[in-house]
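Working through the structure, step by step
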Amino acid sequence: MMVAILSVVLTLLFTGYNVFYTYKRREKLTCMAGMMIAMTVGMMSSLALGVVLGVVLQHDLTLSTIIAVLFGMGAGYLTGKPISLMAALDGMMAGIMGGMMGAMLGVMLVVSDSIVLFIDVIFIFVMSVLIQLIDEETGKAKATNEGVNKPFFGSALTLFVGIVIVGVVLLFQYQGKVSSASQSLGLQPEAQTTSQENEGYQIATVDVKSNGYGPENIEVKAGVPTKIDFKTQSGISCTKHIVSHELGIDVDLKKGENFIDLNDLKPGTYRYTCGMYMYGGTITVK
């Protein structure tokens, strides 16, 4: 959560700085350059914010998209309007696309600091290159004696450090997964507790994969206490969230076994879907 908060602050600060930086040099920028600058600011700011909001506001694609799109449109308009109305329109359209893509990506991903850090690195690098573009278009950029200007060196250093940080985070996450997998080879006390809790229930298992649920339909007996075990193999898509208005289900799935109590089901067919309504299945009670 702390990484997500810092990412939001970073996005706001960098976006605000680039808008202000463009405004100060608006008189020396051509319409074509203004369109590219506004499009970049609108796209990258909404994309970065959309990913973070999609992660923080898990599975609330509507709210994440609305906030990210509005922010991107505002940033694109404020960046392009001082140059030309065409640039402002270009920035607004880019903000819409970036917000939609970012929010969708954030909702589909597992809560992971690595993807947030990765988006931050890309965001900072692109915004740094954008500042170089503005300086170049306005004739302010001056090469040093070595032939490498400071903005270029700073953005390259940012990209390198960011890649190293993301790599370290991914390494630690991979080691944690390996450790968890090795521990799961033996009988854990939690497994015995789960077995005791499920006594007296009929258990039906649904395999949860990144591309859907299997089997698509399961059958259970009416009048018998029932639990559905959503056995998750991977949590890198929207299938990690189960929604069913008919069954009153709205839960996140962790990796492994997830038992959901479905007592007092009447005969009929009940449908459930993923958080984005892309994948689904049915439970038939007879």
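One structure accompanies this document, and this report is about it. (Residues numbered from 1 in each chain as written. Predicted model: local features only at pLDDT ≥ 70, side-chain atom pairs only at ≥ 80, totals over all residues. Heavy atoms only, no water.)

Turning our attention to the packing of helix 2 (residues 31-56) against helix 3 (residues 61-80). Two elements in contact, helix 2 and helix 3, have axes separated by 8 Å at closest approach and are oriented at 160°. When the axis of helix 2 is compared with that of helix 3, the two are roughly antiparallel. As helix 2 runs across helix 3, the sense of the crossing is right-handed. In this structure, helix 2 contributes Ile37, Ala38, Val41, Gly42, Ser45, Ser46, Leu49, Gly50, Leu53 and Gly54 to the contact, and helix 3 contributes Ser64, Ile67, Ala68, Phe71, Gly72, Ala75, Gly76, Thr79 and Gly80. Partitioned by chemical class, the residues of the contact of helix 2 with helix 3 number nine nonpolar, 10 polar and no charged. (Axes fitted to C-alpha atoms, helices over the stretch in contact; angles between N-to-C directions. Helix = DSSP H or I, 4+ residues; strand = E, 2+ residues; numbered from the N terminus. Parallel < 35°, antiparallel > 145°, perpendicular 65-115°, else oblique. Left-handed = near helix turned anticlockwise from the far one by under 90°. Contact = heavy atoms within 4.5 Å. Nonpolar A, V, L, I, M, F, W, Y, C, P; charged D, E, K, R; others polar.)

This part is about unusual backbone geometry. Between Gly214 and Pro215 the backbone carries a cis peptide bond, its omega angle lying at -5°. Residue placement: Pro215 occurs in the loop between strand 2 (212-214) and strand 3 (217-220).

To continue, consider the packing of helix 2 against helix 4 (residues 85-108). Contact geometry for helix 2 and helix 4: axes closest at 6 Å, N-to-C directions at 20°. When the axes of helix 2 and helix 4 are compared, the pair comes out roughly parallel. As helix 2 packs across helix 4, the resulting crossing turns out to be right-handed. The residue inventory of the contact of helix 2 with helix 4, partitioned by class, reads 16 nonpolar, 11 polar and one charged.

Counted according to the given criterion, the structure contains two salt bridges. With a shortest N-O distance of 3.8 Å, Asp135 and Arg25 are connected by a salt bridge. One end of the pair, Asp135, is in helix 5 (residues 113-137); the other, Arg25, is in the loop between helix 1 (2-24) and helix 2, and 110 residues separate them in sequence. Among the residues examined, Asp135 registers a relative accessible area of 8% and is labelled buried. Its salt-bridge partner being Lys286, residue Glu219 comes within 3.3 Å of it at the nearest N-O pair. Separated by 67 residues along the polypeptide, Glu219 in strand 3 and Lys286 in the segment after strand 9 (280-285) bring together distant segments of the chain. (Salt bridge = Lys/Arg side-chain N within 4 Å of Asp/Glu carboxyl O. Buried < 20%, exposed > 50% of the residue type's maximum accessible area, 1.4 Å probe, protein only.)

This paragraph deals with the sheet that holds strand 6 (residues 249-252). Pairing between sheet strands relies on hydrogen bonds along the backbone, with the strands arranged either parallel or antiparallel. A sheet is described by the order of its strands in space; here five strands give the open sequence 3-9-8-5-6, paired in mixed fashion. Looking along the sheet, the strands with just one partner apiece sit at the ends: strand 3 and strand 6. This sheet shows a mean twist of 20° between the axes of neighbouring strands, independent of strand direction. (Pairing = 2+ DSSP bridges.)

Within the secondary structure, Gly214 sits in strand 2. Remark: the alpha-carbon pair of Gly214 and Phe230, spanning 16 residues in sequence, is separated by 9.7 Å. The residues contacting Gly214, other than those within four sequence positions of it, are Thr205, Val206 and Asp207.

This part covers the sheet that holds strand 2. Across the sheet, which stays open at both edges, the four strands sit in the order 2-1-4-7 with mixed pairing between neighbours. Each having just a single partner strand, strand 2 and strand 7 (259-261) make up the two edges of the open sheet. Neighbour to neighbour, the strand axes of the sheet diverge by 30° on average, direction disregarded. Relative to strand 7, strand 4 (residues 226-232) runs antiparallel, the two sharing three bridges. Of the residues in strand 7, the one forming a bridge with Asp229 is Phe259.

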